[in-house]
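Listed below, chain by chain, are the residues.
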Amino acid sequence: MGYANGLLCPQGKQPLLSFGIISDVQYADIPDGCSFLGVPRYYRHSICVLQRAVQKWNQEKPKFVLHFGDIVDGFCPKDQSMIAVKKIVDEFDKFNGPVYHMIGNHCLYNLPRDKLLPLLRIPGHDGCAYFDFSPIPEYRFVILDGYDISAIGWPEDHPNTLKALKVLQERNPNSDKNSPNGLVGLERRFLKFNGGVGKEQLEWLDHVLQEATELNQNVVVCCHLPLDPGASSFAALLWNYDEVMDVIHRYSCVKVCLGGHAHKGGQSVDSHGVHHRVLEAALECPPGTDAFGHIDAFNDRLSLFGNDRMKSSEMVFGH
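Residues numbered from 1 in each chain as written. Predicted model: local features only at pLDDT ≥ 70, side-chain atom pairs only at ≥ 80, totals over all residues. Heavy atoms only, no water.

In the annotation of an unreviewed UniProt entry, the entry for the protein reads Manganese-dependent ADP-ribose/CDP-alcohol diphosphatase, and the organism field reads Nicotiana sylvestris. Per UniProt, the protein has the following entry under Cofactor (unreviewed entry): "Mg(2+)". Listed under Sequence similarities (unreviewed entry) in UniProt, the entry text for the protein is "Belongs to the ADPRibase-Mn family." (UniProt positions renumbered as here; feature names shortened; annotations may be inferred.)

Draft legend 1. Broad picture of the pairing of strand β12 (residues 291–297). Extensive coverage of β12 is indicated by the burial of seven of its seven residues. A two-sided burial pattern is seen for β12, the buried positions comprising Ala-291, Gly-293, Ile-295 and Ala-297 on one face and Phe-292, His-294 and Asp-296 on the other. In this structure, strand β1 (residues 17–22) lies alongside β12, joined through five bridges in antiparallel fashion. Paired with Gly-20 across the strands is His-294, a residue of β12. Sheet topology places β12 next to strand β13 (residues 301–308); seven bridges connect them, and they run antiparallel. The residue of β13 that forms the bridge with Asp-296 is Ser-303. Hairpin connection between β12 and β13: a loop of three residues separates the two successive antiparallel strands. (Buried < 20%, exposed > 50% of the residue type's maximum accessible area, 1.4 Å probe, protein only. Helix = DSSP H or I, 4+ residues; strand = E, 2+ residues; numbered from the N terminus. Pairing = 2+ DSSP bridges.)

Draft legend 2. Layout of the UniProt feature "domain: Calcineurin-like phosphoesterase" (unreviewed entry) in the protein. What UniProt calls "domain: Calcineurin-like phosphoesterase" (unreviewed entry) maps, in this numbering, to residues 19–264. End-to-end, the C-alpha atoms of residues 19–264 are 21 Å apart, and along that stretch the chain is 31% helix and 15% strand.

Draft legend 3. Seen up close, a nonpolar patch on the surface. Side chains of Phe-36, Leu-37 and Val-39 sit close together on the surface and give an oily, nonpolar patch of about 350 Å² of accessible area. Here Val-39 lies in the loop between β2 (33–34) and β3 (40–41). (Patch = residues over 30% accessible without salt bridge, like charges linked within 9 Å, V, L, I, M, F, W, Y side chains within 5 Å. Areas by Shrake-Rupley, 256 points an atom, 1.4 Å probe, with all protein chains shown as cover. Salt bridge = Lys/Arg side-chain N within 4 Å of Asp/Glu carboxyl O.)

Draft legend 4. The arrangement of the layout of surface pockets in detail. Taken as a whole, the largest pocket spans an internal volume of roughly 810 Å³. Lining the largest pocket are 30 residues, with Ser-35, Phe-36, Leu-37, Arg-41 and Phe-193 positioned closest to its centre. It is helix α3 (residues 105–110) that provides the largest number of residues to the lining of the largest pocket, a total of three residues. Class assignment of the residues belonging to the lining of the largest pocket gives a composition of 13 nonpolar, 11 polar and six charged. (1 Å grid on protein atoms, 1.4 Å probe; cavity = no way out; pocket = protein on both sides within 12 Å on 5 of 7 lines; lining within 4 Å. Points joined across faces, edges and corners; volume = space filled by probe spheres on them. Nonpolar A, V, L, I, M, F, W, Y, C, P; charged D, E, K, R; others polar.)

The structure is reproduced here in structure tokens:
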């Protein structure tokens, strides 16, 4: 592995594990546009970012790749959604190893869960997209489904849809539930394009973290939606990030939470010493620029080596 952007391998040690990272590809075969805040978006170019990422990962040989959600964009014409998702999955499949996907709001704008999860090979159950895996004995990765309770993706009469609509009705008085107008501070997270983690998933998370503690594993929690206000705009947070973090903070095994969704990226360390790193979006890379990277995992830290617009960062456990 190369050590770029001023980061050094600690004490000359070899990492226990390396893995590739990319977020918010949001591909669509449409002209460039911009976000509701006016930030430029390069819908066709994002596949080029992914292609260069895969090429580099195949040179670096990380053990696996994590994609943090939003594989296609919501502006992708609906009759092209399946084609677009398959096209990006085919590019990911050129990586010589496993790829683990998370679902994001743009994924769910395009396809219902029953079609999306098999396409992304997400090993969920009952339509949910949360799972965990342990690539080496020292580490466990926990993938959360941030749209478990959501007004998008489930059938209209599904209990999780109805729960989500109730949350939005109670917490967001705007007729457009994607508008944060009038919402103050942390209340700005109660938008339709965000979602929450349900009770069963919280119980599952508690069980997984208990098991990881017994096995003395370092845990990395991954979710499309950010889990800490210090690392993200309030309008991009998981609805019940506080409940999720209450479970996480019961255990000292969780060292880092990684996320996407808030395209400009961000980083923080919370009151319990857990690092939060939100990844910069591939979608917002002007032609010729990139946003992807790889992370080297050691016993005491994660070292993120970013390319171009993805910032490199060091996450030392307990600091």
